Amino acid sequence: MSLLDLSWRNIKRSFRLYSIYFISMLIGVIIHFTFSSLMFNDDILAAIENKENFQIGVSVVSVVVFLFIIFFILYANSFFMKQRKKEFGMYLLYGMSERQIALMVFLETLFLSAISLVSGILAGGLLSKFFGMLLMNLMQYDDVISFAFPIEAVGLTILLFVLLIGIISVQSYLSVRRVQLVELFHAKAKMEKPLKFSTWLALLSILLLGIAYFLISREGDSVYWKEYTMASAIALTVGIIGGTYLFFRQFFGWVLEKISQGKKYHEGNKVLWISSLRFSIRGNTLNLTFISLFSAVIIFLVGFVSINYSVQFDSARKEFPNDIAFTSQDEKTQKQIEQIIEKDHPIIYHKRIEGLSAKPVTDRKIAFDGADNFTEQLLLFPESQFNDIVSLRGDDQQVNLQNQEAVVLSQGTYKPIKFTESKQPKFTVNLKEETTFNLVEKKDYALLSMATDSNGEASKKPSVLIISDEAFARLKQEKALVSFEIYQIEDAKDSAALSRKVHAIVSKTPEAYYAAFVDLYTIDIESSSLLLFSAAFLAVIAVFALGSIIYFKQLREATEEQRQYSILRKIGVDDSEMKWVIRKKLLFVFLPALLLGMLHSWFFLSYPAMEEVKDYPQITSIISGVLIVYFVIYFLFYSSSTSVYYKIVNQKNAMN
């Protein structure tokens, strides 16, 4: 029999094990080819505004996806090599060389890779239309995406998986060479020893996690993060990582030990699954720690990008409240612009505001947080005009000022503040003469947003003070007057073409101000859509890999425990009770890592990351939805593992 025939027979004989390997490779090919085809799809490139950023983003995600695939496939291959040690020992005994065994494994890998490549590219091409339409829908485009098999995507996918086959072959060869014949026959004879558990270390794990959660829940300006930043960061890292490790290494085992010391320990089937778990803690600690921490990262990533996508419109509207705004033009040009706007998008309202251009005398850092992000020129607007615009927008931000009182519009400030009379900062400007204002409030609000253009480029935010009507009238002078046209229009999200037309006219005036909501909203929604789309696929790969780590570990333990379960069956343990033993054992393997990872991610999502959007009404439902989906996926892994575990230990030849 040739090595080619032997390789093919091995795949057919061990189809159950190889099916997991094949499915993982198939999913990897589909996802990688899907991203590659999106990067080269002409319909998508024609629809989006920022093609270069899109292709760069997809390229980066494709590399990350491929790295995940390499990690998982190498882990799966390592599992298969360990599972087949006895088989390899027989081949060595019959006279096969290490090189021949490695060649046989290479041929098996080549068979599976060829089938997964062809199947994955075909499936990916067929699914590319669906995923392309999904991406377009996320980006809020109505363009139709056709079926496509870009030759660049096909070539790139084949090239990368040829590289993967080479890496797997090297790993397999090194794995075979490192093992001696005697070890191969006794590969499954090694039994783990039970650990000794310390009450103090078990309690330390809870203390470390408690400290980490406490620090996460503190705000950024709390004394812990403001005065002791480095110490808090170290304590948080040690608390999360060290606490998680000790939780599985000590606390989990300590709980099982206490249960085993209870009066009812020998009732029912407790002794069967608890004793098995106590023996396997040593081998599962690192896996469960990694899975718990990485689960937290995955959930946080998906939750964060989902929230980022959901609040995109509101955050863009807050940053760019005017659909179109520009420096007032001459009467003829103004009429031309208004006709263009009215033709494309009906005008909801149009308002002209007048302000005064002044030079600040006082350091702008007194008034504006992040002063370097604001213009040097200072704009003063009267409270009546500000209140009119605020009312038209439907916002509750009106001001009531007297004499030399002023309000700072420090857009993006971390914490808006109303100053008490005794602590009002003084701010001096130079107009007719130096005039000093008392700052009564600092608002996170924009009357005029930063200037934009049709390419999505933005300049600094305007430095704006709202002053009383009396002060404005007293300081008003013709040469300092500046005026702006503010428009609110229907379907502002779809006004990119209109913005380009208006910008082309306004930009003819030197140094004219122009800003449009759609200019940056389009770029933001494309970026956040690609981020969400990519994160979802990365999460699928990562969850599949993490779930499979537990899955493979349990398959290995099931194979090693066939004899023990066969003995249980001989002493009268029936199938029903056997299934309950397996379910309870695997539940205590899957559930703690899942729950601890979900708890980690909930704290990270609910506190520091979401500070700026904590009042958004859909935050809770988004976080809950992500957690539920993750839980359901892991439950499916658990159900599948229990089924396969039972089939392995129930094999008739378990005692042979």
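Described below are features of the structure shown in this document. For clarity, every value in this text was computed on a predicted model and none was experimentally measured. (Residues numbered from 1 in each chain as written. Predicted model: local features only at pLDDT ≥ 70, side-chain atom pairs only at ≥ 80, totals over all residues. Heavy atoms only, no water.)

Details of a nonpolar patch on the surface
Definition in use: In this analysis, a patch consists of residues with relative accessible area above 30% that form no salt bridge, clustered at 9 Å for like charges and at 5 Å for the nonpolar side chains Val, Leu, Ile, Met, Phe, Trp and Tyr. For the accessible areas, the method is Shrake-Rupley and the probe is 1.4 Å, while residue cover comes only from the protein chains on display. When a carboxyl oxygen of Asp or Glu lies within 4 Å of a side-chain nitrogen of Lys or Arg, that pair is called a salt bridge. Comment: elements are numbered from the N terminus, with helices defined as DSSP H or I runs of at least four residues and strands as E runs of at least two.
Together, Leu595, Ile628, Phe631, Val632, Phe635 and Leu636 make up an exposed nonpolar region whose accessible area comes to about 570 Å². With 5 residues, the top contributor of residues to the nonpolar patch is helix H21 (residues 619-649). Relative to the assigned elements, Val632 resides in helix H21.

Some words on the environment of Glu560
Let me state the cut-off plainly: Any residue under 20% of the maximum accessible area for its type is buried, any over 50% is exposed, and the rest in between are partly exposed; the area is computed with a 1.4 Å probe on protein chains only.
If you trace the backbone, Glu560 turns up in helix H18 (residues 517-560). With relative accessibility at 29%, the residue Glu560 sits in the partly exposed group. Linking Glu560 and Val649, residues 89 residues apart in sequence, is a C-alpha distance of 8.8 Å.

Examining the packing of aromatic side chains
For the record, the criterion: For Phe, Tyr and Trp, rings pair up if their centres lie within 6.5 Å, where Trp contributes its six-membered ring, and each pair is then called stacked (planes under 30 degrees apart), edge-to-face (over 60) or tilted (otherwise).
Counted by the stated rule, this structure contains 21 aromatic pairs. Residues Phe290 and Phe294 carry aromatic rings whose centres are separated by 5.4 Å and whose planes lie at 15° to one another, so their mutual orientation is stacked. Separated by 4 residues within a single helix, Phe290 and Phe294 lie in helix H12 (residues 270-310), roughly one turn from each other. Relative accessible area serves as the criterion here: at 36%, Phe290 is assigned to the partly exposed category.

Section: the pattern of salt bridges
Considering all chains together, one arrives at 9 salt bridges under this definition. A salt bridge links Lys501 to Asp344, with the shortest nitrogen-to-oxygen separation between them at 3.3 Å. One end of the pair, Lys501, is in helix H17 (residues 496-506); the other, Asp344, is in helix H14 (residues 331-344), with 157 residues separating them in the sequence. Here Asp344 falls in the partly exposed class, since its relative accessible area comes to 32%. Residue Glu485 pairs with Arg352 through a salt bridge whose shortest N-O separation is 2.4 Å. Of this pair, Glu485 sits in strand E9 (residues 481-489) while Arg352 sits in strand E2 (residues 347-360), and the two are 133 residues apart along the sequence.

Geometric descriptors of this kind do not, in isolation, establish any biological role.
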